[in-house]
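Understanding the architecture of this molecule
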Amino acid sequence: MSGAPNCLFCRIVEGTIPSETIYSNDVVIAFRDIAPQAPTHVLVVPRAHIEHAGAVTADDAATVAAMLLAAQDVAVLEGIDGPDRGFRLVMNVGPDAQNSVAHLHLHVLGGRSLTWPPG
Ligand code: AMP
């Protein structure tokens, strides 16, 4: 076992829990959310265990940049980028934001018109 003990996304990164992975590189993987909230709902997850966006430090700058670049690639793969389309990137932090998995992840949501403000 690598990564943090008792961490669901560390288990998905190492492959012991299955996921529908659509994108992968040395720094991140991206897989479909098990409970999609939009036609495209993909989670971009760093291979390294970081608790959440509130715990990111300057040492994680390259990892966070890689997450954004991966999200751009996911949007292209899913056909939700472009001038007439669009997508939403979300990082939940803490109980008030309904953060349920304590491993940094970027939600990529799109494929329909998204309302604002979120619930
Ligand atoms: P958050 O609430 O921001 O922490 O997001 C966690 C997300 O992980 C939720 O949208 C869940 O639906 C999703 N999730 C939980 N378990 C799995 C899993 N095994 N595979 C894919 N997505 C999952």
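Residues numbered from 1 in each chain as written. Predicted model: local features only at pLDDT ≥ 70, side-chain atom pairs only at ≥ 80, totals over all residues. Heavy atoms only, no water.

1. Overview of the packing of aromatic side chains
Geometrically, a pair of aromatic rings is defined through the distance of the ring centres and the angle of the planes. Worth spelling out the cut-off: Only centres within 6.5 Å qualify two rings of Phe, Tyr or Trp (six-membered ring in Trp) as a pair; their planes then separate them into stacked at under 30 degrees, edge-to-face at over 60, and tilted for everything else. Secondary structure counts use DSSP, requiring at least four H or I residues in a row for a helix and at least two E residues in a row for a strand, with both numbered from the N terminus. Burial classes: relative accessible area under 20% of the type maximum marks a residue as buried, over 50% as exposed, and values in between as partly exposed (1.4 Å probe, protein chains only).
Going through the model one piece at a time under the given rule, you end up with 1 aromatic pair. Considering the side-chain rings of Phe9 and Phe31, the 5.4 Å spacing of their centres and the 80° angle between planes classify their relative orientation as edge-to-face. On the criterion of sequence distance, the pair formed by Phe9 in helix H1 (residues 8-14) and Phe31 in strand S2 (residues 28-32) is long-range, its members being 22 residues apart. On the basis of relative accessible area, Phe9 is assigned to the buried category, the value being 5%.

2. Topic: the site of the ligand
In plain terms, the rule: Any residue with a non-hydrogen atom lying within 4 Å of a molecule or strand is treated as near it. Counting of polar contacts relies on pairs of N or O atoms within 3.5 Å, with two restrictions inside protein: one atom must be capable of donating a hydrogen and the other of accepting it, and residues adjacent in sequence are counted only when both atoms are side-chain atoms. Here the accessible surface of atoms and residues is derived via Shrake-Rupley with a 1.4 Å probe, and residues count as covered only by protein chains that are part of the display. Here a cavity denotes a set of grid points, spaced 1 Å apart and computed over the protein atoms alone, in which a 1.4 Å probe fits but from which it cannot get out, and a pocket denotes an open set meeting protein on both sides within 12 Å along at least five of seven lines; residues with an atom within 4 Å of a point are reported as lining. The way we define it, a molecule is inside a pocket or cavity when more than half of its atoms are within 2 Å of that pocket's grid points. Only Asp, Glu, Lys and Arg are considered charged, only Ala, Val, Leu, Ile, Met, Phe, Trp, Tyr, Cys and Pro nonpolar, and every remaining residue, Gly among them, polar.
The local shell around the ligand holds 16 residues, among which Asp33, Asn92, Asn99, Ser100 and His107 are the closest. Within the contact set of the ligand, an oxygen atom lies 2.9 Å away from a backbone nitrogen or oxygen of Gln98. Between the ligand and the protein, one listed contact pairs an oxygen atom with a side-chain N or O atom of His105 at 2.9 Å. Relative to its unbound accessible area of 500 Å², the ligand is 83% covered by the protein chains. Judged by the proximity of its atoms to the pocket grid, the ligand belongs to the largest pocket. Elements represented by at least two residues in the shell around the ligand include exactly H1 and S2. Ranked by residue count, the leading element in the shell around the ligand is H1, at 3 residues. Class assignment of the residues belonging to the shell around the ligand gives a composition of 8 nonpolar, 6 polar and 2 charged.

3. A few points about the pattern of salt bridges
We apply this condition: We define a salt bridge as a side-chain nitrogen of Lys or Arg found within 4 Å of a carboxyl oxygen belonging to Asp or Glu.
Applying the stated criterion to the full structure yields 3 salt bridges. Of the charged contacts, one joins Arg11 and Glu14 as a salt bridge, the two residues approaching to 2.6 Å between their closest N and O atoms. Pair noted here: Arg11 and Glu14 are both in helix H1, with a separation of 3 residues, about one helical turn. Among the residues examined, Glu14 registers a relative accessible area of 26% and is labelled partly exposed. Arg32 serves as the salt-bridge partner of Glu20, at 3.1 Å between the closest nitrogen and oxygen. Here Glu20, found in the loop between H1 and strand S1 (21-24), pairs with Arg32, found in strand S2; they are 12 residues apart in sequence, far enough to count as distant. Among the residues examined, Glu20 registers a relative accessible area of 49% and is labelled partly exposed.

4. With respect to the environment of Val64
Positionally, Val64 belongs in helix H2 (residues 61-78). The class of Val64 is partly exposed, set by a relative accessible area of 25%. Taking the C-alpha atoms as reference points, Val64 and Val42, separated by 22 residues in sequence, lie 16 Å from one another.

5. Regarding unusual backbone geometry
A cis amide bond links Trp116 to the next residue, Pro117, at an omega of 5°. Residue placement: Pro117 occurs in the segment after strand S5 (106-110). In this structure, Asn6 takes a positive phi of about 60° despite not being glycine. Residue position: Asn6 is located in the segment before H1. Residue Gln98 is not a glycine yet carries a positive backbone phi of 65°. With respect to the element layout, Gln98 can be found in the loop between strand S4 (87-90) and S5. Residue Gln98 is classed as exposed on the basis of its relative accessible area, which comes to 64%.

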